[in-house]
Each structure stands twice: as structure tokens, then as C-alpha cells.
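# Topology and contacts: notes
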Amino acid sequence: MSIPTEAGHVHQATDTHCPYCALQCGITLEPTPDAGEPVKLSGRNFETNGGALCRKGYSAARLLRHAERLDTPLLRHPDGGFSPIGWDEALDMVAQRAAGIRAKHGADAVAVFGAGGLTNEKAYQLGKFARLALGTSRIDYNGRFCMSSAATAGNRAFGLDRGLPFPLADLDGASMILMLGSNVADTMPPFVRHLEGARTSGGLVVVDPRRSATAELCANGAGWHLQPTPASDLQLLLGLAHVLLGESLVDHEYLARRTNGLGALRSSLAQWWPERVESATGVPAGEIRRTARALALAARAAKSGGGPVYILTGRGVEQHANGTDTTTAAINLALLLGLPGTTAGGFGTITGQGNGQGGREHGQKCDQLPGYRKITDPAHREHVAKVWGVAPETIPGPGVPATELLHTLGRERGARMLMVHGSNPALSSPDASRVIVGLRRLDFVVVCDFFLSETAAEAHLVLPVLQWAEEEGTMTNLEGRVLRRRAALEAPEMARNELWILAELARRLDSPGTFSPEAREVFEELRLASAGGLADYSGIDWDDLDAGAAVYWPCSPAQPVSREPGRRSGTPRLFLERFSHPDGRAVIVPVHHAALPEAAHQPGMVSLVTGRLLEHYQTGTQTRRVAELHAAAPEALLEIHPATALAHGIAEGQRVALANGRGRMVARARLTAGIRLDTVFLPFHFAGANNANLLTPALVDPLSAMPEFKHVPVSLYPLGDES
Ligand SMILES: Nc1nc2c(c(=O)[nH]1)N[C@H]1C(S)=C(S)[C@@H](COP(=O)(O)OP(=O)(O)OC[C@H]3O[C@@H](n4cnc5c(=O)[nH]c(N)nc54)[C@H](O)[C@@H]3O)O[C@H]1N2
Ligand SMILES: Nc1nc2c(c(=O)[nH]1)N[C@H]1C(S)=C(S)[C@@H](COP(=O)(O)OP(=O)(O)OC[C@H]3O[C@@H](n4cnc5c(=O)[nH]c(N)nc54)[C@H](O)[C@@H]3O)O[C@H]1N2
Ligand code: SF4
Ligand SMILES: [Mo]
């Protein structure tokens, strides 16, 4: 797009998608007769949302002309505080600082942090910019905190990671759905319509230590709720698999034909009989048997024409220091039932951020190049180098994953300069105070954002970028379907398109390769770079997407795309003939329970689990600025069982300090009998003393580098109102 010159208004209705989560609900933006709000936003009948929106999506347009919107580059002065500067000066400064720090400390002294909310084009361009313009290996992104363990498990089992390997609407007719650690009723409300089939059949089973809004959907015979102790899902899943094998309820024919590894799994399950699992998880042995038998019965019925059976995971089971193995145990269960890659059901993981799927394919991950290629594979490097017009040696090797990148900032082995695009790690990282200290030690921090996030507030330079309704691009939703994000109005005069910012910086840094400021041109290059890769976009045409074609990756030029409404193109359903490992088989990886290093509680401690509220998105940079959302959820509330509260001398509404070896935060008690006695819950949407990540450890999963966000031992201290 061209650089906007004046803040303008939309002149016609524009079909686009919600800026927030991976459901990517369809919306329409129309001109408003009164100038109070820049556009009128309404739900559009799109396959994932059927016209419905949640409160966040519905109010998203209120942020487009928000009073606190950043509208000029801001430079910090030595005494704190920011003053406006011009774009040329700002970009010259970034290039000079990057070049200077690189010359002095080496290319890896400059680090880049990206995000799963960026369009495919921005994610692609950011990875290319880091490798070519900065020459650094140090790029990673917030998806490490989100989808990394599920992605690692999917790659290991199936040879390919696409969150849902089938269209979401396939769930509609399900007879049974096992939902592990996902609270879609709050995190993706329009998703709930796709659970109706399973609920009608009495087959919705939700696994969550809390009686979440999603667990509530199991009431009145719609299914049942299993309430394990936090971080014990691995044992629960081993127990379910134990029952299937012990009672000969597995699909032997499928296992023989489509999988490897059953033998090793057998011995790994031997010790996990239901009574033992009950003592590890708190889930009654009878419930474990009932669930395993119901799954087997439903899977068998599905193969003779009954409704399909799905196993789905969310962050509750994935964001653990054993997240990859726990997700693997869920995949193993689905394989034992003979579901993945069939029309009788399957396994899926529910992607979180708006472009959490595309954001993990195009090369902003430290070990990855576009098209889901590996940065360590010589053939992969050669392909991408050719598209970029450079020698393969020009592309640096693998960098370090997010937690390591952020926790070494300004330290001996760490970066001296950081560029942040689309994330607020000062709030969202584990052990966040360590990140804030690191940011303050850096020689130079540049944050691109449209609000002064807590991370931007720590920057030397803040660059104002466009919001979703002002930019063109593509996004890939939770189903692997590629969508068009469309500009409906002009941006504030001094805000800039991030593609343009990266292109301007690359030019100033004399980067090899070309950097276009136009989304469509970047998309055309992304197609070439991804061609032949696992996430192949080469057959996806921008004009087809514009015309509303439903295209799912992989899509090569050999797969013609249809624009006919209701027709799906590319690969809506993966694995129907073969899995993506060379022999076409899925791999059953036996996984084992090991006590987590932090699991040992001291007397009086409880398990803190963290997660989300309906009203707020992530660190709340955006939703805390929407008046009605702020009014509905103004501060961090601590969900605690009345009996646990009583034991700690905590009353409803009282302020409580939560503390452990890393830090201390404060929240107001909200008593609820829906949570386990040994567990408390906090959202991570709030800042300052309300930040839940002051308590989370930098403990990461050895396979995926996913941090332990969902199980933290803490002590509780009731506070007086003034303390
Ligand atoms: N309103 C809202 N919606 C969002 C977002 C948001 O910030 N706000 N963010 C988006 C993003 S990026 C993501 S990743 C998704 C996340 O979507 P979800 O995965 O649905 O969200 P969470 O609330 O993080 O976790 C889900 C559930 O896991 C449970 N849980 C915690 N620990 C455990 C455990 O050890 N075992 C089990 N079985 N369950 C556990 C929690 O109690 C919680 O109810 O939401 C997306 N949608
Ligand atoms: N304790 C705990 N911590 C967690 C989690 C948890 O469950 N518990 N969940 C983790 C998960 S799943 C995730 S995804 C992360 C999310 O946490 P973050 O990565 O911090 O994500 P956001 O809060 O969405 O921050 C995005 C920022 O980028 C800005 N922004 C939005 N779009 C763009 C854009 O296109 N370009 C630029 N430059 N800026 C943009 C927004 O204004 C905002 O300031 O948090 C993780 N942290
Ligand atoms: S569910 Fe997700 S995509 Fe849909 S309106 Fe809400 S935040 Fe937006
Ligand atoms: Mo996420």
C-alpha cells in the first residue's frame, strides 16, 4: 500500500477478519454516518463463526482512533519520557545503532522478537530481515510461548504440524470430543457452536482443574468434566491408554497399517492402572475407565457410520515443562483409537493467536526458514537462499528460543539490542521481572506497536505501526486456511506499515536481497520461498483469496483452486492417505512421567494455574483500553475455593499477595467452588503488581522450549486494604 497521507474514512463495506484470535471470525467494516467511531463493525457469516463475535472482536474498532494510539515515532530522552521525532531520523538511528552494535559485538548482539499476530507477510519479512539485513541468528517469537510444544509433538508424531488437520466444521457432527486444557467458551466463544453435535450426543468431555465455562458445557447430560490436579494430564492420558490396551479396545488393524511404535508404547503403559492414576491426578479410577470405554465405543461406532470422535488440546496441557510429551500422550490416545487421518475423527490442537498458524511457518522461529523449512538442512537453506538471491552461507544458523533470548538480554552471552514486533514480553514472558531488568540493560531497544505497551515503555525508540483495519495481507487461521486481511480505512498520518519500516531499514543497512513494502509482492515471494516445503503456499493465488476461495495449505500449483462458494481447495484434510513421515506412517512415541523440578510443594503452598478471561486479550495492551471491557474486568482476580480461602484467612474481595522464590504479585480474591482445593487461578492480562508472570518460572520443556506457565507453586498472604 502507499504511505497514507491523511486519516481518512472507509467509503464502502470491507470484508475482513477479527484482529485477535486464531478463529479469525469474519467481520464487515462499513462507513459510519457519525464520525464518533471510524467504522461500524459487524459479524459476517464465515465458516468459523457463523456471523457471531465475542465481546473483544465486537469492540475491536474502538481502538482504531483511540486517544492513546501512537501517532509518531517516539525517542526516549536520558531523563526518561519520550519526545516525537521524524521518521527519517528514527530509521537512520535504528540502522546506525544496529550497524554499530554489530561491528562492536558481532551480528548476534542484535536480536529480533516477532509474534503470531503478525500477518504472513510481516512474519516472513521479519525472518528475512533478521537473517539478511542484520545477519543475526537471534530471532524468535511469542509463538514459542503458545504453540511450540504442540507443534513439536505434531511434527514428531505426524511429520507435520498444522493445528487442526481438518476444517473446524468437521467437529459439528461429532459424537464425542475430548477437550484437554482448552477453554474455548471464554477464549473463542463462537467455537462453541461446533461442539453442539458432541453435546447433543452426551459426548463432550472436558479436562480442566477448574470448572471453566467450557467445563460447564458438559452439564445436564451433555458430557462430563474430569478435574485433575494441574500438570498431571500426562499421567491421566497414560491411564486412559492403559485401559484401552488392557481391555483390547484399540484399533489393531489401523495401528498395524498406519503406525509405528506400538510395541514400545505397551511397556511404557504397564504401570499406569487407573487406581494408580487416580492417586496421581485426583481423577477417580471409575471416571478414567468410563472415559476410555466411551471413547473406544464412539470410535468404533464412527467407523461404521456414526459421528466422528476428536481429541483436542489447548494451552492447559501444552504450556508445561513436559508439554511436548503430554501432547504426545494425547496423540497416542488418538492413534490407539484409530482416528488421525481418517473420516472417523482425529487429533487437533487449537491454535491461539490471530496468525498463530502462519506465524509458525514463515521463518520467524529461531530454527526455521519459510515453508516450515529447517535452518540446519543444507537443501532447505539452498532453496531459500536462491529465492532471496544470496549464497546459502549468508544465512546464519539456528538461534536461541524465546525464553533464552529474553532472559540473556544485556548479559554476557546475550544480545545488546532488541527489536520487538507484535509482542509485550515485559508482561507475557515467564519470570517477567528478569526480562524487564534485561531490557533496561540493553544498549538499544526498538518497539513497533500502536500503543505504548509495557515493553514499549522500556524502549529507547517506539515506532507507530498500522492496525489491522488499515493494512493488507494474509493470515492463516486455526484450520490452516489462508485468509485475506483487508484495509478499510487510512491510518493516522504518521503511522507506518511494518513492511515499509523493514524495507527502509534493510536499505539503510545495505542488506542483500530485496524487501518490498507491498504485502502482495511479499506474498508472491513467500509463495516461492515456501514452494516444495511442508507448508507449501505456492499454489495459493492472492486473487483467489480475494474472491473468497477457501484454500488450506499445503497447496501446490498442481492443486487447482476453486472460487465456488462452499468448495474447499488445497488440502482441507491432511493425512487421509498418508502421514508426512517418509514411510507415510504415524509414529507412536512412548512418553514417561517425570516429576517436574518445581512440582515439590512446600507446606501451605497451592498450585497456581494461569490463563485467560473472556474480556481480555493476552497482556491487555489492546483490550484494557476498551472502556466496556475494562469495566467488566478491571483487575486481576484470584479464583480460589472457599475452603482454601478459609484455611488461609482470605475473604471474598480481599486483596491477596501471591509469592514464591521469584517474586510477588497482588490480586483480589474471587471465591468459587468450581476450582480444586489445591489450585488457584489467575489471568495474565494485567500489569504492574497484577502481573501473574512475576511468579512463573523460566523452566522450559527440553524438546520445544515451551515455558511452564500452567503450574507454579505459590504461597498466599491475605492483605489489609492499605498494605
Ligand atoms: N479471551 C481471550 N481469548 C483468547 C486469548 C486471550 O488472551 N483472551 N488468547 C488467544 C491465544 S494466543 C491462545 S493461545 C488461546 C488459549 O486458549 P485456551 O487454551 O482455551 O486458554 P487458557 O485460558 O490459557 O487455558 C485453558 C484452560 O486450561 C486450564 N488449565 C490450566 N492448567 C491446566 C492443566 O495442568 N491441565 C489441564 N487439563 N488444564 C489446565 C485452565 O484452567 C484454562 O481453563 O486463546 C486465544 N483466545
Ligand atoms: N502466565 C502466562 N503467560 C502467558 C500465557 C499464559 O497462558 N500464562 N500465554 C502465552 C501465550 S499463549 C501467548 S500467545 C503470549 C502472548 O503475549 P504477547 O506476546 O505479549 O502478546 P500480546 O499481549 O498480544 O502483545 C501484542 C503487542 O503487539 C501489539 N500489536 C498487535 N498487532 C501488531 C502488529 O501487527 N504489529 C506490531 N508491531 N504490534 C502489534 C499489541 O498492541 C501488543 O502490545 O503470552 C504468553 N504468556
Ligand atoms: S472469537 Fe476470536 S476471532 Fe472471534 S471475535 Fe472473538 S477474538 Fe475475534
Ligand atoms: Mo497463544
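Here is a short report on the structure shown in this document. (Residues numbered from 1 in each chain as written. Chains lettered and ligands numbered in written order. Predicted model: local features only at pLDDT ≥ 70, side-chain atom pairs only at ≥ 80, totals over all residues. Heavy atoms only, no water.)

A few words on the pairing of strand β19 (residues 473-476). Along β19, one buried face is formed by G473 and M475 and the opposite face, lined by T474 and T476, is buried too. Judged from the 4 bridges that link them, β19 and strand β20 (residues 481-485) form a sheet pairing that is antiparallel. By the bridge assignment, M475 is partnered in β20 with L483. (Buried < 20%, exposed > 50% of the residue type's maximum accessible area, 1.4 Å probe, protein only. Helix = DSSP H or I, 4+ residues; strand = E, 2+ residues; numbered from the N terminus. Pairing = 2+ DSSP bridges.)

The biggest cluster of nonpolar side chains holds 167 residues, and the ones touching the most others in it are F129, I177 and F191. The element that contributes the greatest number of residues to this core is helix α8 (residues 233-246), accounting for 9 residues. Setting aside residues up to four positions removed in sequence, F129 forms contacts with L134, M419, L502, L505, A506, L509 and F515. (Core = buried A, V, L, I, M, F, W, Y, C linked by side-chain atoms within 4.5 Å. Contact = heavy atoms within 4.5 Å.)

Time to look at the site of ligand 1. Of all residues adjacent to ligand 1, which total 33 residues, the nearest are D208, D233, R612, H616 and Q618. Between ligand 1 and the protein, one listed contact pairs a nitrogen atom with a backbone N or O atom of G316 at 3.3 Å. One of the backbone nitrogen or oxygen atoms of L613 is found 2.8 Å away from a nitrogen atom of ligand 1. Out of a free accessible area of 910 Å², ligand 1 has 99% covered by protein chains. With respect to the pocket detection grid, ligand 1 is positioned in the second largest cavity. Elements with a contribution of two residues or more to the shell around ligand 1: α5 (184-187), α13 (315-318) and β24 (606-611). Take the shell around ligand 1: its biggest share by element is 3 residues, from α13. (Near = heavy atom within 4 Å. Polar contact = N/O pair within 3.5 Å; in protein donor to acceptor, adjacent residues only side chain to side chain. Areas by Shrake-Rupley, 256 points an atom, 1.4 Å probe, with all protein chains shown as cover. 1 Å grid on protein atoms, 1.4 Å probe; cavity = no way out; pocket = protein on both sides within 12 Å on 5 of 7 lines; lining within 4 Å. Sits in = over half its atoms within 2 Å of the grid points.)

Before going further, it helps to spend a moment on the layout of surface pockets. Estimates place the volume of the largest pocket at around 470 Å³. N155, K365, D367, Y372 and K374 are, among the 19 residues lining the largest pocket, the residues nearest its centre. Every element with two or more residues in the lining of the largest pocket is listed here: α4 (148-158) and β15 (373-374). Split by residue class, the lining of the largest pocket holds 7 nonpolar, 7 polar and 5 charged. In this structure, the second largest pocket is lined by 24 residues; those nearest its centre are R44, F46, R481, G548 and A549. For the lining of the second largest pocket, the elements supplying multiple residues, two or more each, are β1 (14-17), β20, α21 (542-546) and β21 (550-552). Considering each element in turn, the lining of the second largest pocket owes the most residues, 4 residues, to β20. Looking at the lining of the second largest pocket residue by residue, the class counts come to 9 nonpolar, 4 polar and 11 charged. Counting residues domain by domain, the lining of the second largest pocket receives three or more from each of domain 1 (14-63) and domain 2 (74-144 + 364-570). (Points joined across faces, edges and corners; volume = space filled by probe spheres on them. Nonpolar A, V, L, I, M, F, W, Y, C, P; charged D, E, K, R; others polar. Domains from an automatic or database assignment.)

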